[in-house]
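One letter stands for each residue in the lines below.
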Amino acid sequence: MADESSYNVNLYIYDLSKGLARQLSPMMLGKQVEGIWHTSIVVYGEEFFFGGGGITSCYPGGTILGMPDSTVDLGNTEVPRDLFLEYLSSLRESTYSPEKYHIFEHNCNTFSSEVAQFLTGRKIPSYIIDLPSEVLATPFGQALRPFLDSVTITPSGNMGMNGYGQR
């Protein structure tokens, strides 16, 4: 935190494959994929993410995924916490309700990118956002799509928080 009205914003990046994507993707997809990414935004001392359960928060590193594989400093925000929570409430009621989750088109990464842009004016790295379309562009990705369309990722992790912003 730079001062009382400026808050650091970080992107937490988790590889859901735990390294298997890096090892198996050349043979399965015909191209190198470094990971299967889950992301979240850490700001105001909380980790915010979107999954099959909707928008949720926990203490940083408090999901079932543990600590992130890497972090990206997205800069600082001057958006007050109360305004941010109002913004999340509006997203939860419209764009990011649980039933709107889709593993390829509307997921944790699209949420993280939209929230990062709201807070800092920056999106998250394109290699994360572009991964679903890269995988689906392969024959193996097309073959897996019917199965993967039914998958919902919900990394539980309230760890002392009720929903988001409520301790």
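Model, not experiment: these values are computed from the prediction. (Residues numbered from 1 in each chain as written. Predicted model: local features only at pLDDT ≥ 70, side-chain atom pairs only at ≥ 80, totals over all residues. Heavy atoms only, no water.)

Caption draft 1: Molecular detail of the layout of surface pockets. By volume, the largest pocket is sized at about 700 Å³. In terms of lining residues, the largest pocket is bounded by 31 residues, among which Ile36, Phe104, Leu131, Val135 and Leu148 are the most central. Going through the elements one at a time, α1 (20–29), β2 (37–43), β3 (46–51), α3 (108–120), α5 (131–136) and α6 (139–148) are the ones with two or more residues in the lining of the largest pocket. Sort the elements by how many residues they give to the lining of the largest pocket and α1 lands first, with six residues. Each residue belonging to the lining of the largest pocket can be placed in one class, and the counts come to 24 nonpolar, seven polar and no charged. (1 Å grid on protein atoms, 1.4 Å probe; cavity = no way out; pocket = protein on both sides within 12 Å on 5 of 7 lines; lining within 4 Å. Points joined across faces, edges and corners; volume = space filled by probe spheres on them. Helix = DSSP H or I, 4+ residues; strand = E, 2+ residues; numbered from the N terminus. Nonpolar A, V, L, I, M, F, W, Y, C, P; charged D, E, K, R; others polar.)

Caption draft 2: Geometry of the confidence of the model for the protein. Across the protein, pLDDT averages 88, with 87% of residues at or above 70. Contacts from residues 158–162, a stretch scored under 50 in pLDDT, to residues over four places away or in other chains number 16 contacts. (pLDDT = per-residue confidence, 0-100. Contact = heavy atoms within 4.5 Å.)

Caption draft 3: Broad picture of unusual backbone geometry. A positive phi is found at Lys18, a non-glycine position, where the angle reads about 55°. Mapped onto the secondary structure, Lys18 falls in the loop between β1 (7–15) and α1. Of the residues examined, Lys18 reaches a relative accessible area of 59% and is grouped as exposed. The backbone of Tyr44 shows a phi angle near 55°, a positive value even though the residue is not glycine. (Buried < 20%, exposed > 50% of the residue type's maximum accessible area, 1.4 Å probe, protein only.)

Caption draft 4: The arrangement of the packing of aromatic side chains in detail. A full pass over the atoms with the stated rule returns eleven aromatic pairs. Plain terms: the ring middles of Phe84 and Tyr87 are 6.4 Å apart, the flat faces sit at 35° to each other, and that makes the pair tilted. Here the residue Phe84 and the residue Tyr87 both occupy positions in helix α2 (residues 81–93), the gap between them amounting to three residues, near one helical turn. Taking the centre distance of 3.7 Å and the plane angle of 5° together, the rings of Tyr87 and Phe118 count as stacked. You can see Tyr87 sitting in helix α2 and its partner Phe118 sitting in helix α3, a full 31 residues away along the chain. Judged by its relative accessible area of 31%, Phe118 falls in the partly exposed class. (Phe/Tyr/Trp six-rings, centres within 6.5 Å; stacked < 30°, edge-to-face > 60°.)

Caption draft 5: Focus on the nonpolar core. Grouped together as the largest cluster of nonpolar side chains are 34 residues, with contacts concentrated most on Ile41, Phe84, Leu88, Phe111, Val115 and Leu119. Those elements giving two or more residues to this core turn out to be β1, α1, β2, β3, α2, α3 and α5. In terms of residue count, α2 provides more of this core than any other element does, five residues in total. (Core = buried A, V, L, I, M, F, W, Y, C linked by side-chain atoms within 4.5 Å.)

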